[in-house]
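Descriptive analysis of the structure
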Amino acid sequence: MADNGGKKITLKSSDGEEFEVPEVVAMESQTIRHVIEDVCAKNSIPLLNVNSKILSKVIEYCKKHVAAAEAAASKASTEEGTAAAASVTKPSDEDLKTWDAEFVKVDKGTLFNLILAANYLHIPGLLDLTCQAAADMIKGKSAKEIRKFFNLKNCISPEEEEEIRRENQWAFEEEKRTRAFDAYA
Amino acid sequence: MALDEFSFHPLSGSRSGRDLDYRFLYPSFGFAPDWDCVDMDCEAADIDCRFNHAAQFSKISATDWEFVAMDCQTPNFLPDDPFEMDVSNPARILPHDPFEMDIQTSLNNAISDLICSLPNLVTTSSSPMVSDESAASSASSEMEVPSSSAPVSAASQIPEGMVYALGYLGVKDLLSVEQVCKSLHEAVRGDPLLWMSIQIDSPLSERINDETLLKVTRKAQGNLRALSMVSCLYVTDEGLRCVLEENPLLTKLYVPECARLTLDGLIPNLKSFNSRNYPGIKHLKLGRLFNISESHYKDLTALLSANSCHPSAQPKPRFYHVARFSMTCNEDRALDIEVCPVCKKCRLVYDCPLESCKGKRDPCRACESCILRCLLCGKCIRDSAYVETFSLEHLCSNCCKCPSVE
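Structural notes, computed from the coordinates. Just so we're clear, the structure is a prediction, and the values are computed from it rather than from any experiment. (Residues numbered from 1 in each chain as written. Chains lettered and ligands numbered in written order. Predicted model: local features only at pLDDT ≥ 70, side-chain atom pairs only at ≥ 80, totals over all residues. Heavy atoms only, no water.)

**Let's talk about the state of the cysteines**
All names here are of chain B. A full pass over the atoms with the stated rule returns 0 disulfides over all chains. Counting only cysteine sulfurs, Cys380 is the nearest neighbor of Cys357, a cysteine outside any disulfide, at a range of 3.7 Å. Looking at Cys357, the relative accessible area reads 5%, which means it is buried. (Disulfide = S-S within 2.5 Å. Buried < 20%, exposed > 50% of the residue type's maximum accessible area, 1.4 Å probe, protein only.)

Set out below in structure tokens:
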């Protein structure tokens, strides 16, 4: 690994932009790791499913996490005793978590594209982070609020909708129906 | 101007028996024979109209109601194809492959070669991830799904990445999501792996009973592996027995604070479950509510040790803290109950995170009645000052200074 410390790989986005990154950063993606290790190392890897905007974000994530892992590893090797090492890595864990939280503060479209990219490139940490962020957007919202937030249309027929509502009524008992129709009562 | 295929839920001043049926009279326009439905659960000013095929106007207004078309097009008064050029399909106007380069095939081949050169990306974890990145709306995962249910007719309108996030939602949120639209409904219903691990806590725990518990667990379609019910006050032994019967693959059962469950009901149910040719329950959490006698404890440990995969592994220490009943807390243990070294009763026994307590000959391990602990940090507060909270928990002097109390 130390020998490849300076080796760079070029990643090419779907819209033709090229990103030169250290190999170790690119290998955060299991997909790219397989291409490099199994399919013979290529100097330039085209990623047909990821555009430049998303790819630059993905690379930013990988760079940060590789740097954080290296920092933690070097600190652990210099500190004596696990207690001291544990107390040193804790603040950097917190810093990374804060950085991650800021990283996913993006618009919905970008977030969903990041999810797809993380899945395609097989980067478990990024997939987990982005899926959790998307789930947090959904949590606690009613069906109507979710529809509004993601600008979705309700294409369920009234019969089906009534059936689902009745089935799930027990979970939402306390939520009142809107007064729209009560005006005509 | 007649409305052709105008999708709009009828409104009326009269109520039908089943639901509120409103008829909207607007005599200058004709009515489409079949009404589609719109979002019934919305405010007056807010009802969405959806137009299947271009409405011929952008606004309809009448008596206090104003509907704005969502995606209508401008009125089209010109004839469609006056010169019979078939302009609706412009690709046909130009020659298909004038230089005989067979571009489409060669491009397809190049792309498929590249993708085939990548190894199989099928994941074997239990999360509902799809490896085919072009599957826009398919929500079924790779393993053990009885039927794939990618929506066929409904246009996929949900963001592609959304289905991946469904695996991170709890029960109540999944029930909300399945009411949003057809695609999400099918994504939730069609994926039993979303329901492999079910955790019921507040507020659902206050409402769930035997019948609704069975409804929820049935969504796993027999694939349920872990069930956690915290403070489910209306679930009885019989209800739990039905769940066990329908879910042979269950290995984790957590029932802390479920007041109606009894050990005299639970232990025979578990014995019967574990005696069948299934993996059986390997992890059981009972919490602090049960009054466990020595014979109960013997039965339970015998039951679980027979199924234990790592009988000699040293369990991680158990600490007293706010999230101690969560699903992932101390999930390596077969049974959460132990014999308290101090009072010898069968209870939850906690270790001490305090540095000075760790290396002692007489370890700081006891149930919460024998050693008082801080709710936030779990440290023992035998000699130091503490504060008793409103819910009769204790906070050590360090923690009660923090703003995030309870």
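**Brief notes about the pattern of salt bridges**
Enumeration over the complete set of coordinates arrives at 20 salt bridges over all chains. Among the salt bridges present, the one from Arg33(A) reaches Glu37(A), with a minimum N-O distance of 3.6 Å. Placement of the pair is Arg33(A) and Glu37(A) together in helix α2 (residues 30-38), with a separation of 4 residues, close to one helical turn. The exposure class assigned to Arg33(A) is partly exposed, which follows from its relative accessible area of 27%. In this structure, the salt-bridge partner of Arg365(B) is Asp351(B), at a minimum N-O distance of 2.6 Å. (Salt bridge = Lys/Arg side-chain N within 4 Å of Asp/Glu carboxyl O. Helix = DSSP H or I, 4+ residues; strand = E, 2+ residues; numbered from the N terminus.)

**Some thoughts on the packing of helix α6 (residues 237-246) of chain B against helix α7 (residues 263-275) of chain B**
Helix packing for two helices is described by the angle between their axes and how far apart those axes are. Residue and element names in this part refer to chain B. Where α6 meets α7, the axes come as close as 10 Å, and the angle between the chain directions of the two elements is 10°. As judged from the angle between their axes, α6 and α7 are roughly parallel. Here Asp237, Leu240, Arg241 and Leu244 of α6 lie close against α7, whose contacting residues are Gly265, Leu266, Asn269, Leu270 and Phe273. Residues of the contact of α6 with α7, tallied by class, amount to 5 nonpolar, 2 polar and 2 charged. (Axes fitted to C-alpha atoms, helices over the stretch in contact; angles between N-to-C directions. Parallel < 35°, antiparallel > 145°, perpendicular 65-115°, else oblique. Contact = heavy atoms within 4.5 Å. Nonpolar A, V, L, I, M, F, W, Y, C, P; charged D, E, K, R; others polar.)

**Some thoughts on the nonpolar core**
All names here are of chain B. Counting residues in each nonpolar core, the largest one holds 114 residues, and the members touching the most others are Leu166, Trp195, Met229, Leu253 and Leu286. Discounting residues that sit within four places of it in the chain, Leu253 has contacts with Leu227, Leu240, Leu266, Leu270, Ile281, His283, Leu284 and Lys285. Of all hydrophobic cores here, the second largest spans 9 residues; its members include Cys340, Ala366, Ile371 and Cys380. (Core = buried A, V, L, I, M, F, W, Y, C linked by side-chain atoms within 4.5 Å.)

**Comments concerning the environment of Asp128(A)**
Checked against the element boundaries, Asp128(A) lands in helix α6 (residues 124-138). Look at Asp128(A) and you get partly exposed, because its relative accessible area is 41%. Along the sequence, Asp128(A) and Ala118(A) sit 10 residues apart, while their C-alpha atoms lie 8.8 Å from each other. At 2.9 Å, the side chain of Asp128(A) and the side chain of Tyr168(B) are in polar contact. (Polar contact = N/O pair within 3.5 Å; in protein donor to acceptor, adjacent residues only side chain to side chain.)

**A look at helix α5 (residues 108-121) of chain A**
Residues and elements named next belong to chain A. With 14 residues, α5 extends 20 Å from end C-alpha to end C-alpha; this agrees with the ideal 20 Å at 1.5 Å per step. Burial within α5 is extensive, with 11 of its 14 residues counted as buried. The N-cap residue of α5 is Asp107: its side-chain oxygen and the backbone nitrogen of Gly109 are 3.2 Å apart. Within two residues after α5, His122 carries a phi angle of roughly 55°, on the positive side. (Expected span 1.5 Å × (residues − 1).)

**Examining the packing of aromatic side chains**
For the coordinates displayed, the defined rule picks out 6 aromatic pairs over all chains. A ring pair is formed by Tyr61(A) and Phe103(A), whose centres lie 5.7 Å apart and whose planes are at 50°; its orientation type is tilted. Of the two residues, Tyr61(A) sits in helix α3 (residues 52-78) while Phe103(A) sits in helix α4 (residues 82-103), which places them 42 residues apart along the sequence. You'll find Tyr61(A) and Phe103(A) in the same group, each marked buried. A ring pair is formed by Phe273(B) and Tyr278(B), whose centres lie 6.0 Å apart and whose planes are at 45°; its orientation type is tilted. Taking relative accessible area as the criterion, Phe273(B) reaches 0% and is therefore assigned buried. Taken together, the ring pairs connect Tyr61(A), Trp99(A) and Phe103(A) into an aromatic cluster. Stacked on the ring of Phe149(A), the Lys or Arg Lys108(A) has its end atom at 4.2 Å from the ring centre. Against the face of Tyr254(B) rests Lys285(B), its NZ or CZ located 4.4 Å from the ring centre. (Phe/Tyr/Trp six-rings, centres within 6.5 Å; stacked < 30°, edge-to-face > 60°. Lys NZ or Arg CZ within 6 Å of the ring centre and 35° of its normal.)

**Quick look at the sheet that holds strand β3 (residues 44-46) of chain A**
Residue and element names in this part refer to chain A. One open sheet accounts for 3 strands, arranged β2-β1-β3; its pairing is mixed. Unpaired on one side and paired on the other, β2 (18-22) and β3 mark the two borders of the sheet. Averaged over all adjacent pairs, the angle separating strand axes in this sheet is 25°, with direction ignored. Note: strand β1 (residues 8-12) against β3, 3 bridges, orientation parallel. By the bridge assignment, Lys12 is partnered in β3 with Pro46. (Pairing = 2+ DSSP bridges.)

**Structural notes on the sheet that holds strand β9 (residues 337-339) of chain B**
All names here are of chain B. Here 3 strands make up an open sheet; going across it, the order is β9-β10-β11 and the pairing antiparallel. Every other strand in the sheet has two partners, leaving β9 and β11 (366-367) as the edge strands with one partner each. Across 2 bridges, strand β10 (residues 346-350) lies against β11 in antiparallel orientation. Its bridge partner being in β11, Tyr350 is matched across the sheet by Ala366.

In short, geometric facts, not functional conclusions.
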